[in-house]
Amino acid sequence: MAGLDSARLVARALGRSWRQRPARMASAIAAGIGGVLLTTAMLLVSVSVLDAIKGASISGIRPDVVAVEARAPGGMDSSLMDRAEQQTGAEGSRSVVLSTTAQTSAGSDNEPVVLFGVDESLAGFVDDQLAEEVGGTPLGADEVFLSETWAGDHGVREGDTVRISSPQGVQTWRVAGLLSGDVANRGSVVIAPLPTVAAAFDRGDTADVLLLDPGNGDRDTVAAEAEAAVDGAADVKHPEDLLSGYSKTFQTSVTILALFAVIAVLTAAVVLFLTWRLALDDARSTLARMRLFGVRTRHLMLGSAAVMVPLLLGTYVVGAALGVWVGTLLSSFTEQITNLTGQAVTPGVPWQVPVAGAFAAAVVMFAVAWLSGVRRFTAITAIEAVTGRDRIALMPGGTRRPLVAGLVTIAIGVLLVAFGGEMVRSASLLFLLGGAALLCVVLPVVVGALLRRGEPGPMRLGAGRQLQLSWRRNAVLSITFTIAVVTSIAMAGVSSSIKDDVGASVDRWTQSELVVQAAGVGENLQNEKFPLSLGQELGAVDGVDGVTPFTYAYVTLDGKKTQVWNWPSDHKLSTDLEVAEGEEDFLTALGPDEIAISSNFARTQDMEVGDTFDMPLPSGQRALRVRTIVEDSASDGGMLIASTALYRELAATDGVYEYFVGVREGANVSEVAAALEDTVAERYPRAKVRTQEDVRDAFGGITARLVSAFEAFAWVMFLLAVMVGGATLASGLVERQRGLALTRLVGATRKSVSRQLTAETLLIAVSSWVVALPVGLLAIPAMLDAQAGQSGLLPPVTVPLLLTVASLPLVALCMLLALWVAGPRRANPPLRELLAQE
């Protein structure tokens, strides 16, 4: 019972110290909620994208089936699939997998769906329940299956119709049956007969997926024989891995989201650690007195846990709930990413993993702060903690080693930025941030020592001594604001650099006055295209001077989806190609065994003119030689440019993504655009006719939305910096009450004390900025180099001038705001109150 009483005594003492410091308790609660909120929200967005990728996979296929998935956008031709079936001796089922939109008879909006064109033998390759449903309802030529979940959400029943967008115009099909479960893509699927889909989407006799039934044979043997038969033109997989190429399409987006999530978790962890650790430090003298009366370490741990655990649980519940809400509000960002990839994946709201992840992060940080705080109590002699003699000013001699180490570390980072090659500059981030942290620890101390030189007045003497005495808390403030400034400047610089480079690239691709698109920029799905014949109709519209088709598709290279672009040889109407290496007029000279590549593809694949690589085609692989490298920043991870003959062989279709339209001199652009809209509106209701300016603004807006997350995160860092700063200052001011009271007893006024506190705060702000500004600017090329490993984009550095100029006043303002939140009056209570406490 004695041990329990001691633990209760510790809990009451810690609770009393918080009641005496309501600002400290409020900041700890606010920081805890904010940290959990930030972690939960960012994890929710990231996990939503990953879950969407996973949800696209087909469910219900028997696990013993061998799945063969084409690498070429045109699929596999019949000769290749026949060879695979003959060499394996296995029965096969063929299907095409397309991304398009569907509209129900109830009049819903066009929604992304994955369209499966399947043959009659599919029932023999799926589980018993799905086989019974599919086999029991043979599909007619214009009939489809839907999933029960998707149909229920959209008010669709058997016998209703759905309208599917295709290059041949809108297809109206009847719902023959509803399949139990989601089937694939969280239920957003349409299953139709293979001949019907092939005709609507001009697919001929090709298929994207071939399922092989080993029967009584060995599955591994069948898989090996199938891999040899397709000879690199397709991937042999387990059924659950079908459509895993979606994840490669999202690779850069997922990498950026993962980066955000990691930074969010680390930032939240630092905030939680600092606030909870300082909460324990505030009660140091009280708990030290208890140690003089026999309270042991186990009592400190139990008693402090009794107070801290309810705080942990309370802040977690509120923060996690708010985090799920905020993450749901960011679903438009997730949907934007899925649209940009041209895939029809459907994101959900998988809240369980983010909530669990946020709880784990909060518990880890709580445990670290709690254990380290208790350890600090026991590491200091109790009487010294009571008297305050455990706090020793850091003198200039103690700063020499960390100062030299910090300067050397930053110098290494500078050398890496200046002389390091591509994919090497990113390593400088570790040295730059590490050196900045070391300098932030000692720079306020150096400033304090300089203030005390000569014959300082009372304010200089007091401020200088405090910068040296409270060097630990000052280091927390300095590091916090330095990280905020470095992060904001670096991320703003990366955002500006990418936006400027992408904007210049888009300007090169959009030279015509008007663009006719199958759907709006950022909304067009992979298989929403026009037929090639439409170009003649558009060219016949009054006022049109010329029409140039442009199209693209995704091919799988080394497990990653890569865009292949195509213009006709007479492309001057649509684009002004900028060649980095090779022939200027390469489009007219590209042969069937040649290809052009973009600069970012060359960078990620370490390729140059004259190199060769294997291109998967519907009939097999072919070795292609790189003839030209073209400057481009508009494609994610790089792209290829194929001749028209090679592209049509690769895609097995002549569908067109968009038409660039020139307007005859003297014609009214608006009238021509309206006439073009009338030409395509009835057959292609999602089609858009955009002016050159509209297209450029649309691409610029997409890029801005994607990279704006960097800028938004920078402001979040500043907000958290103010919270940590306010908590740190509040804690320090309470500890300094008696020292500042003594200053007032010898003649100092409240006003002079407030000026001293303001001076200390501004000196820390300026010293933080002196370190952060150059490090932030140097971090821009380092961060650009780091992301280039995935995207291949390595644009010229754009310095964010506005933020660079405003960074010092912004840091000073944030520090003063943190001081205001802390409440300078806490350091100036009436003297009679201090005497009463004594």
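Structure first, text after, so check above.
Residues numbered from 1 in each chain as written. Predicted model: local features only at pLDDT ≥ 70, side-chain atom pairs only at ≥ 80, totals over all residues. Heavy atoms only, no water.

*Asks:* What should I look at first to understand the overall build of the chain in this one?
*Replies:* Across its full length, the chain holds 27 helices and 19 strands. Looking at the 838 residues of the chain, the share that counts as buried comes to 54%. Accessible surface for the chain amounts to roughly 34,600 Å². Of this, 58% is attributable to carbon and sulfur atoms. (Helix = DSSP H or I, 4+ residues; strand = E, 2+ residues; numbered from the N terminus. Buried < 20%, exposed > 50% of the residue type's maximum accessible area, 1.4 Å probe, protein only. Areas by Shrake-Rupley, 256 points an atom, 1.4 Å probe, with all protein chains shown as cover.)

*Asks:* Just checking my understanding: could you explain the pattern of salt bridges for this structure?
*Replies:* As a working rule, side chains carrying opposite charge can pair if their charged atoms are close by. Inspection of the entire model under this criterion finds 17 salt bridges. Close ionic contact of Asp235 with Arg71 constitutes a salt bridge, the shortest N to O distance being 2.6 Å. With Asp235 in strand β9 (residues 234-237) and Arg71 in the loop between β1 (66-70) and α3 (78-88), the pair connects residues that are 164 residues apart, well separated along the chain. Residue classification places Arg71 among the partly exposed residues on the basis of a relative accessible area of 24%. Ionic pairing is found between Glu85 and Arg94, a salt bridge with its closest N-O pair at 3.3 Å. For Glu85, a relative accessible area of 19% gives the class buried. Residues participating in the shared-partner salt-bridge network are Glu583, Glu594, Arg625 and Arg627. (Salt bridge = Lys/Arg side-chain N within 4 Å of Asp/Glu carboxyl O.)

*Asks:* Explain helix α17 (residues 458-469) to me, please; I cannot follow it from the model alone.
*Replies:* Each α-helix turn comprises 3.6 residues. Residues three or four places apart therefore point the same way. With 12 residues, α17 should cover 16 Å at 1.5 Å per step; its first-to-last C-alpha distance of 16 Å lies within 8% of that length. Among the residues making up α17, those that are buried are Ala463, Gly464, Gln466, Leu467, Gln468 and Leu469. (Expected span 1.5 Å × (residues − 1).)

*Asks:* In this structure, what is going on with the packing of aromatic side chains? I would like to understand it.
*Replies:* Both the distance between ring centres and the angle between the ring planes are used here to describe each pair of aromatic rings. Following the criterion strictly, the structure yields 11 aromatic pairs and no others. With a centroid separation of 5.0 Å and an interplanar angle of 40 degrees, the aromatic rings of Phe550 and Trp567 are classed as tilted. Taken together, the residues span a long stretch of sequence, with Phe550 in strand β11 (residues 544-557) and Trp567 in the loop between β12 (560-566) and β13 (579-582) at a distance of 17 residues. In this pair, the class of Phe550 matches that of Trp567, namely buried. Between Phe601 and Phe613, the ring centres sit 6.3 Å apart and the planes meet at 55 degrees, which makes this aromatic pair tilted. Of this pair, Phe601 sits in helix α20 (residues 599-605) while Phe613 sits in strand β15 (residues 612-617), and the two are 12 residues apart along the sequence. As far as the burial class goes, Phe601 and Phe613 line up, both buried. In this structure an aromatic cluster arises from ring pairing among Phe550, Tyr552, Tyr554, Trp565, Trp567, Tyr657 and Phe660. (Phe/Tyr/Trp six-rings, centres within 6.5 Å; stacked < 30°, edge-to-face > 60°.)

*Asks:* Just to check I follow, could you spell out a nonpolar patch on the surface for this structure?
*Replies:* A cluster of nonpolar side chains, contributed by Val404, Val408, Ile412, Leu430 and Phe431, occupies part of the molecular surface with about 450 Å² of accessible area. Broken down by element, the nonpolar patch gets its largest block of residues, 3 residues, from helix α15 (residues 396-419). Relative to the helices and strands, Ile412 resides in helix α15. (Patch = residues over 30% accessible without salt bridge, like charges linked within 9 Å, V, L, I, M, F, W, Y side chains within 5 Å.)

*Asks:* Which parts of the structure should I look at to understand the environment of Glu608?
*Replies:* On the secondary structure map, Glu608 appears in the loop between α20 and β15. Glu608 gets classed as partly exposed once you look at its relative accessible area, which sits at 47%. In sequence terms Glu608 and Ile629 are 21 residues apart; their C-alpha atoms lie 7.4 Å from each other. Dropping the residues within four chain positions of it, Glu608 is found in contact with Glu581, Val626 and Ile629. (Contact = heavy atoms within 4.5 Å.)

*Asks:* Mind showing me how you'd approach the packing of helix α16 (residues 428-451) against α17 here?
*Replies:* Geometry of a packed helix pair, given as the angle between the helix axes and the separation of the axes. Where α16 contacts α17, the axes come no closer than 7 Å and their chain directions differ by 150 degrees. Our classification of the angle between α16 and α17 gives roughly antiparallel. Relative to α17, α16 is oriented so that their crossing is left-handed. Residues Pro444, Val445, Val447, Gly448, Ala449, Leu450 and Leu451 of α16 touch α17, and the partners they reach there are Arg460, Ala463, Gly464, Leu467 and Gln468. Split by residue class, the contact of α16 with α17 holds 8 nonpolar, 3 polar and 1 charged. (Axes fitted to C-alpha atoms, helices over the stretch in contact; angles between N-to-C directions. Parallel < 35°, antiparallel > 145°, perpendicular 65-115°, else oblique. Left-handed = near helix turned anticlockwise from the far one by under 90°. Nonpolar A, V, L, I, M, F, W, Y, C, P; charged D, E, K, R; others polar.)

*Asks:* Sorry if this is basic, but what is going on with the environment of Thr551 here?
*Replies:* Secondary-structure assignment places Thr551 in strand β11. Of the residues examined, Thr551 reaches a relative accessible area of 4% and is grouped as buried. Once the C-alpha coordinates of Thr551 and Tyr659 are considered, the two residues, 108 residues apart in sequence, prove to be 8.6 Å apart. Filtering out sequence-adjacent residues up to four positions away, Thr551 remains in contact with Lys529, Val564, Trp565, Asn566, Tyr647, Gly655, Val656 and Tyr657.

*Asks:* I would appreciate a short explanation of the pairing of strand β2 (residues 91-104) in the present structure.
*Replies:* One face of the sheet, then the other: side chains in a regular strand alternate in exactly this way. With respect to burial, β2 is a largely interior element, 12 of its 14 residues being buried. Pairing of β2 with strand β8 (residues 209-213), which is carried by 5 bridges, proceeds in the antiparallel orientation. Paired with Ser95 across the bridge in β8 is Val209. Note that β2 and strand β3 (residues 111-118) share 8 bridges and pair antiparallel. Paired with Val96 across the two strands is Gly117, which belongs to β3. Bridge analysis of β2 against strand β5 (residues 161-164) gives 3 bridges, and the strand direction is antiparallel. When the sheet's bridge partners are listed, Thr104 is paired in β5 with Val162. (Pairing = 2+ DSSP bridges.)

*Asks:* How should the environment of Ala176 be read in this particular structure?
*Replies:* With respect to the helices and strands, the residue Ala176 is situated in strand β6 (residues 171-179). Residue classification places Ala176 among the buried residues on the basis of a relative accessible area of 11%. In this structure, the C-alpha to C-alpha distance between Ala176 and Val144, residues 32 residues apart in sequence, is 5.6 Å. Ala176 has contacts with Thr137, Leu139, Glu143, Val144 and Glu158, leaving out every residue within four places of it along the chain.

*Asks:* When you look at unusual backbone geometry in this model, what are you seeing that I'm missing?
*Replies:* Excluding glycine, residues mostly carry a negative phi; peptide bonds, for their part, are mostly trans. Look at Asp231: it is not a glycine, yet its phi comes out positive at around 50 degrees. In this structure, Asp231 sits in the loop between α7 (219-230) and β9. Positive phi is not limited to glycine here, since Ala652 has a value of about 55 degrees. Mapped onto the elements, Ala652 comes out in the loop between α21 (644-651) and β18 (658-663).

*Asks:* Please explain the nonpolar core as it appears in this structure.
*Replies:* Note on soluble globular proteins: their nonpolar side chains tend to be buried together. In terms of nonpolar packing, the biggest core is built from 40 residues, with Val775 and Met815 touching the most fellow members. Elements with a minimum of two residues in this core: α15, α16, α17, α18 (471-509), α25 (750-791) and α26 (801-822). For this core, the element with the most residues is α18, which contributes 12 residues. Other than its neighbours up to four places away in sequence, Val775 contacts Ile410, Leu432, Ala436 and Val486. With 38 residues, the next largest nonpolar core counts Leu146, Val162, Ala223 and Ala233 among its residues. (Core = buried A, V, L, I, M, F, W, Y, C linked by side-chain atoms within 4.5 Å.)

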